[in-house]
Amino acid sequence: MTAIRVCATPIDLASEIADFFARNEGAGAIVHFIGRMRGTDGDARIVAMELEHYPGMCEAELARIAEEVRARFSLDDARIVHRIGRMTAGDPIVLVATAARHRREAFAGAEALMDFLKTRAPFWKKEHFADGTSRWVEARESDERAAQRWVLPAESTGVKGRVDEEAP
Amino acid sequence: MTQAKTGEIELVYFAWVRERLGRDSERLALPGDVDSVARLIDWLAAIDTDHADALAARERLVVAVNRERAGPDHPVRAGDEIAVFPPVTGG
């Protein structure tokens, strides 16, 4: 079981967390990660951010990521909720949730969801600064490296990686 | 997005590619010799200065054919939906 959602309105954290908790009664471990909009970049103050996505491809990619991570870490459930449109400092941008029998799979699964999302899902951020300028955020190589660490040598032999062998 | 007519492709653009082009999509007749992603980008870049400018930094462009990421040798056919965008920055 997995679920993904792209929403143009603010993410309701309390109801998302409560809903995921209620739906996963059998899980011994639940992890949530919330990515939040920063109000500064170095000395520059960011007043707003716009998040653009590729409708259709984006949802399909998020669904693939959620299912891939669920299967890989033997999760009971995985959820991705991502905001689009214009937002301001402090707003939640993304929420991922994992439910598993034990915490190690839940933590690792949440990290893998974020690493894959950041490198694969077609979203783009544009920052608007206090001085009236704006710029598209550049992709970071560190995000690519973070996603690569989930590609296990075992995969080339067709053997699924296990979290107790490869968790960071 | 509606289905392109026979012989046409639907192009969709995002982020700074869209801004530099001044449009989020366009429908173009596909020349017979444009049969791969690499050839398509070369052909598009030759249309006018807006296209040339938006598509200049090839190493910073990602292409998706029918909503799947596609490398330079990936085939391009009439009826395809082809997206051109920068590396993704969500999350």
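Source: prediction; values computed, not measured.

Trainee: What is the right way to read the state of the cysteines from this model?
Mentor: Formally, a disulfide is one covalent bond, and it connects the sulfur atom of one cysteine to the sulfur atom of another. The full count for this structure, using the stated rule, is zero disulfides over all chains. For Cys7 of chain A, which is in no disulfide, the shortest distance to another cysteine sulfur is to Cys58 of chain A and amounts to 11 Å.

Trainee: I tried to follow the layout of surface pockets on my own but got confused; where do I start?
Mentor: To find leftover empty space, one rolls a probe the size of a water molecule over the atoms. Residues and elements named next belong to chain A. Each pocket or cavity is described by its volume, and for the largest pocket that value is around 480 Å³. Around the largest pocket, the lining is made up of 25 residues, and of these Arg38, Lys118, Lys125, Val137 and Arg140 lie nearest the centre. Looking at the lining of the largest pocket, the elements with two or more residues in it are strand 2 (29-36), strand 3 (40-41), strand 4 (44-53), strand 7 (92-100), helix 3 (103-120) and strand 8 (123-129). Residue contributions to the lining of the largest pocket peak at three residues, all from strand 2. When its residues are assigned to classes, the lining of the largest pocket shows 10 nonpolar, five polar and 10 charged.

Trainee: Looking at this model, I keep getting lost on the pattern of salt bridges. Mind explaining?
Mentor: Residue and element names in this part refer to chain A. Tallied over the full model, the rule gives 24 salt bridges over all chains. For Arg79, the salt bridge identified is with Glu16, shortest N-O distance 3.0 Å. Pair noted here: Arg79 is in strand 5 (residues 77-83) and Glu16 is in helix 1 (residues 13-23), with a separation of 63 residues, a long-range link. Given the relative accessible area of 8%, Arg79 is considered buried. Given a relative accessible area of 7%, Glu16 falls into the buried group. Glu127 is paired through a salt bridge with Arg135; the nearest N and O atoms lie 3.2 Å apart.

Trainee: Would you explain the environment of Val65 of chain B in this entry?
Mentor: Assignment of secondary structure puts Val65 of chain B in strand 3 (residues 62-65). If near-sequence neighbours (up to four positions away) are discounted, Val65 of chain B is found in contact with Val37, Ala70, His74, Pro75, Asp80, Glu81 and Ile82 of chain B.

Trainee: Any chance you could explain the packing of helix 3 of chain A against helix 4 (residues 141-148) of chain A here in plain terms?
Mentor: Between two packed helices, both the angle of their axes relative to each other and the distance between the axes serve to describe the pair. All names here are of chain A. Taken N-terminus to C-terminus, the directions of helix 3 and helix 4 make an angle of 130 degrees; their axes are 8 Å apart at the nearest point. Relative to helix 4, the element helix 3 lies oblique. Relative to helix 4, the crossing made by helix 3 is left-handed. Along its contact with helix 3, which presents Asp115, Phe116, Lys118 and Thr119, the element helix 4 presents Asp143, Glu144, Ala146 and Ala147. Taken together, the residues of the contact of helix 3 with helix 4 sort by class into three nonpolar, one polar and four charged.

Criteria and cut-off values
- Position numbers for residues start from 1 in each chain and track the written sequence from start to end.
- Each chain is given a letter, starting from A, and each ligand a number, starting from 1, according to the order in which they appear as written.
- Two thresholds apply to this predicted model, a pLDDT of at least 70 for residue-level local features and 80 or more for giving and counting side-chain atom pairs, whereas whole-chain, interface and lining totals are computed over all residues.
- Excluded from the side-chain calculation are hydrogens and water; included are all heavy atoms of the structure.
- Note that a disulfide, as used here, is simply two cysteine sulfur atoms within 2.5 Å.
- Cavity means a closed set of points on a 1 Å grid over the protein atoms alone, one where a 1.4 Å probe fits but cannot get out, pocket means an open set with protein on both sides within 12 Å along at least 5 of 7 lines, and lining means a residue has an atom within 4 Å of a point.
- Grid points are joined across faces, edges and corners, and a volume is the space filled by probe spheres set on the points.
- Strands here mean DSSP runs of E at least two residues long; helices mean DSSP runs of H or I at least four residues long; both are numbered from the N terminus.
- Nonpolar residues are Ala, Val, Leu, Ile, Met, Phe, Trp, Tyr, Cys and Pro. Charged residues are Asp, Glu, Lys and Arg, and all others, Gly as well, are polar.
- The rule for a salt bridge is simple: a side-chain nitrogen of Lys or Arg has to be within 4 Å of a carboxyl oxygen of Asp or Glu.
- Working definition: with a 1.4 Å probe on protein chains only, accessible area under 20% of the residue-type maximum means buried, over 50% means exposed, and in between means partly exposed.
- It only takes one pair of heavy atoms within 4.5 Å for two residues to be counted as in contact.
- In this analysis an axis means a line fitted to C-alpha atoms, helices contributing only their contacting stretch, and an angle means the value between N-to-C directions, from 0 to 180 degrees.
- Relative orientations are named as follows: roughly parallel for angles under 35 degrees, roughly antiparallel for angles over 145 degrees, roughly perpendicular for angles from 65 to 115 degrees, and oblique for any other angle.
- Here a crossing is taken to be left-handed if its near helix is turned anticlockwise relative to the far helix by less than a right angle, and right-handed if that turn runs clockwise.

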